[in-house]
Amino acid sequence: MFKIIKMAGNSFGKLFKLTTFGESHGQAIGGIIDGCPAGIQLDLEKIQTELNRRKPGQSAIVTQRKEPDTVEFHSGIFEGMTTGTPMGFVIKNANQKSKDYSHIKDTYRPSHADYTYDEKYGVRDYRGGGRSSARETACRVVAGAVAKQFLKEIQFNAYTASVGEIELETAIKDLDFDLIETNPVRCPDAASAEKMEAYIKQIRKEGDTVGGTVQCVIRNMPKGLGEPVFDKLHAELGKAMLSINAVKGFEYGSGFGGTKMKGSQHNDLFNEDGTTKTNLSGGIQGGISNGMDIYFNVAFKPVATIMQKQDTINKQGENVEMEGKGRHDPCVVPRAVPIVEAMAALVIADYLLQNKTAKI
Ligand SMILES: C=C(O[C@@H]1CC(C(=O)O)=C[C@@H](OP(=O)(O)O)[C@H]1O)C(=O)O
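Residues numbered from 1 in each chain as written. Predicted model: local features only at pLDDT ≥ 70, side-chain atom pairs only at ≥ 80, totals over all residues. Heavy atoms only, no water.

- Labelled according to an unreviewed UniProt entry, the protein chain appears under the name Chorismate synthase, originating from Salegentibacter echinorum.
- Turning to the protein chain, the UniProt annotation filed under Sequence similarities (unreviewed entry) states: "Belongs to the chorismate synthase family."
- For the record of the protein chain, the UniProt heading Catalytic activity (unreviewed entry) holds the text "5-O-(1-carboxyvinyl)-3-phosphoshikimate = chorismate + phosphate". (UniProt positions renumbered as here; feature names shortened; annotations may be inferred.)

Quick look at the structure:
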């Protein structure tokens, strides 16, 4: 008897829709962007630049897998312009080292998707984590980079806000986003970035991993995006962020901090033009954008694969010891920055198409 189980959930978005395919050690990963409006003059170099911000091997504090991550578009673009037809794209895998994974064929890394994939499907491509690998996020970055070009007037700026206990202490209004790409951690404050980088290096030496947070600010937002009641704008942003590998938390606006305030402190009072004097709402009220900046935090856990011995179980349910092998990120946060921006751009593009009255 076959178990009737297939993998669903490979698509994101209603009207601006991305479907991805591929595994970390297969021939290629890629996707189809369906619903991108016609007539957008695409800058392909900008799309590649976004991919380069995410790609493995980019610095000493990330996985040392070396992938060119060159995107090839196979449809949907004519003479540099989107045609409104499905945009198929492929990124070839070039640097797989599958033998690093033979030890997890029948054994489960603690807190990795190995166990749940095996339990659900009964079969899994364990090489490099297969479909559960964060390599899939390269496809999201491609689609997000296309969405950003559709949403030219809207600015998406994500950056590393913490690594372990080390936090960026500058208030959002005082940040200089031009500093984000000036260090390998992608933190817009040189002193914090240095501490974070040193800490990630130390953690790597210990064969361990560490988590952190990415903060994202969306500026120049149109008013009126968001579909109450179940499809509130922040609900979709939350889903988008929580679908990124290793994400454990999402908060927007005042977030969990707001629970400690009184209404009299928390309410954003209006200016006559409808803007607000404060923005604890994070640019969204009633699930609808109010034109103020949207800002949110995304929490990333420490990567599950560590280079230390741990107790675990095998497929037979026996207790065994295992140690991670291969090339992994000691902290995913610096490479997650462009992924967060990409997912935010996909949400805003989709909601803009759903809301025909919005103007940008
Ligand atoms: C390849 C990427 O990251 C990979 C994510 C990953 C995992 O388990 O998620 C495991 C590693 O794969 P490999 O062992 O094949 O090097 C990482 O390098 C990428 O992001 O493009």
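And the narrative resumes.
**A short note on the side chain of Ser24**
Phase 1: Inspection of the secondary structure assignment puts Ser24 in the loop between β2 (17-22) and β3 (28-34).
Phase 2: Dropping the residues within four chain positions of it, Ser24 is found in contact with Arg65, Asn93, Gln96, Arg127, Gly128, Gly130, Ser133 and Arg135. (Helix = DSSP H or I, 4+ residues; strand = E, 2+ residues; numbered from the N terminus. Contact = heavy atoms within 4.5 Å.)

**With respect to the UniProt feature "binding site: NADP(+)" (unreviewed entry) in the protein chain**
Phase 1: Those residues carrying the UniProt feature "binding site: NADP(+)" (unreviewed entry) are Arg54 in this numbering.
Phase 2: Within the secondary structure, Arg54 is located in helix α1 (residues 44-54).
Phase 3: Its relative accessible area of 2% is what places Arg54 among the buried residues.
Phase 4: In this structure, Arg54 is in contact with Asp69, Ala134, Arg135, Thr137, Ala138, Val141, Arg335, Pro338 and Ile339, ignoring residues within four places of it in sequence. (Buried < 20%, exposed > 50% of the residue type's maximum accessible area, 1.4 Å probe, protein only.)

**Some details on unusual backbone geometry**
Phase 1: Geometrically, the link from Pro228 to Val229 is a cis peptide bond, its omega value of 10 degrees lying close to zero.
Phase 2: Within the secondary structure layout, Val229 lies in the loop between β10 (212-219) and α5 (233-242).
Phase 3: If you check the backbone angles, Glu79 has positive phi at about 50 degrees while not being a glycine.
Phase 4: Residue position: Glu79 is located in the loop between β5 (77-78) and β6 (81-82).
Phase 5: The class for Glu79 is exposed, based on a relative accessible area of 67%.
Phase 6: Residue Ser111 is not a glycine yet carries a positive backbone phi of 65 degrees.
Phase 7: Overall, Ser111 belongs to the exposed group, its relative accessible area being 63%.

**Quick look at the UniProt feature "binding site: FMN" (unreviewed entry) in the protein chain**
Phase 1: According to UniProt, the positions carrying the feature "binding site: FMN" (unreviewed entry) are Arg131, Ser132, Ser133, Asn245, Ala246, Gly286, Lys301, Pro302, Val303, Ala304, Thr305 and Arg327. Taking the farthest pair of C-alpha atoms as the criterion, the annotated set spanning 197 residues is dispersed, since that pair is 44.1 Å apart.
Phase 2: If you trace the backbone, Arg131 turns up in the loop between α2 (114-121) and α3 (137-150).
Phase 3: With relative accessibility at 14%, the residue Arg131 sits in the buried group.
Phase 4: Discounting residues that sit within four places of it in the chain, Arg131 has contacts with Met7, Asn10, Thr20, Phe21, Gly22, Glu23, Tyr117 and Glu136.
Phase 5: Within the fold, Thr305 resides in the loop between β14 (294-300) and β15 (309-313).
Phase 6: The residues contacting Thr305, other than those within four sequence positions of it, are Arg109, His112, Thr209, Gly324 and His328.
Phase 7: Within the structure, the side chain of Thr305 is placed 2.9 Å from the side chain of Arg109, a separation counted as a polar contact. (Polar contact = N/O pair within 3.5 Å; in protein donor to acceptor, adjacent residues only side chain to side chain.)

**Overview of the pairing of strand β8 (residues 155-163)**
Phase 1: The buried fraction of β8 amounts to eight of the nine residues, a majority that puts the element mostly inside the structure.
Phase 2: Pairing analysis gives eight bridges linking β8 to β10, with the strands arranged antiparallel. Across the sheet, the residue bridging to Ala158 is Cys216, located in β10.
Phase 3: Bridge count between β8 and strand β9 (residues 166-167): two bridges; the pairing is antiparallel. Note that in β9 the partner of Val163 across the bridge is Ile166.
Phase 4: Following β8, the chain reverses through two residues before pairing antiparallel with β9; Gly164 in that reversal takes a positive phi of roughly 55 degrees. (Pairing = 2+ DSSP bridges.)

**Here's the deal with the packing of aromatic side chains**
Phase 1: Summed over the entire model, instances satisfying the criterion amount to seven aromatic pairs.
Phase 2: With a centroid separation of 5.8 Å and an interplanar angle of 55 degrees, the aromatic rings of Phe73 and Phe89 are classed as tilted. In this pair, Phe73 is assigned in strand β4 (residues 71-73) and Phe89 in strand β7 (residues 87-92), connecting sequence segments 16 residues apart.
Phase 3: You can call Phe89 buried: its relative accessible area is 1%.
Phase 4: Here Phe250 and Phe296 contribute two aromatic rings whose centre-to-centre distance is 5.4 Å and whose plane-to-plane angle is 45 degrees, an arrangement assigned as tilted. Highlighted residues: Phe250 in strand β11 (residues 247-252) and Phe296 in strand β14, separated in sequence by 46 residues. The two residues Phe250 and Phe296 agree in class, both being buried. (Phe/Tyr/Trp six-rings, centres within 6.5 Å; stacked < 30°, edge-to-face > 60°.)

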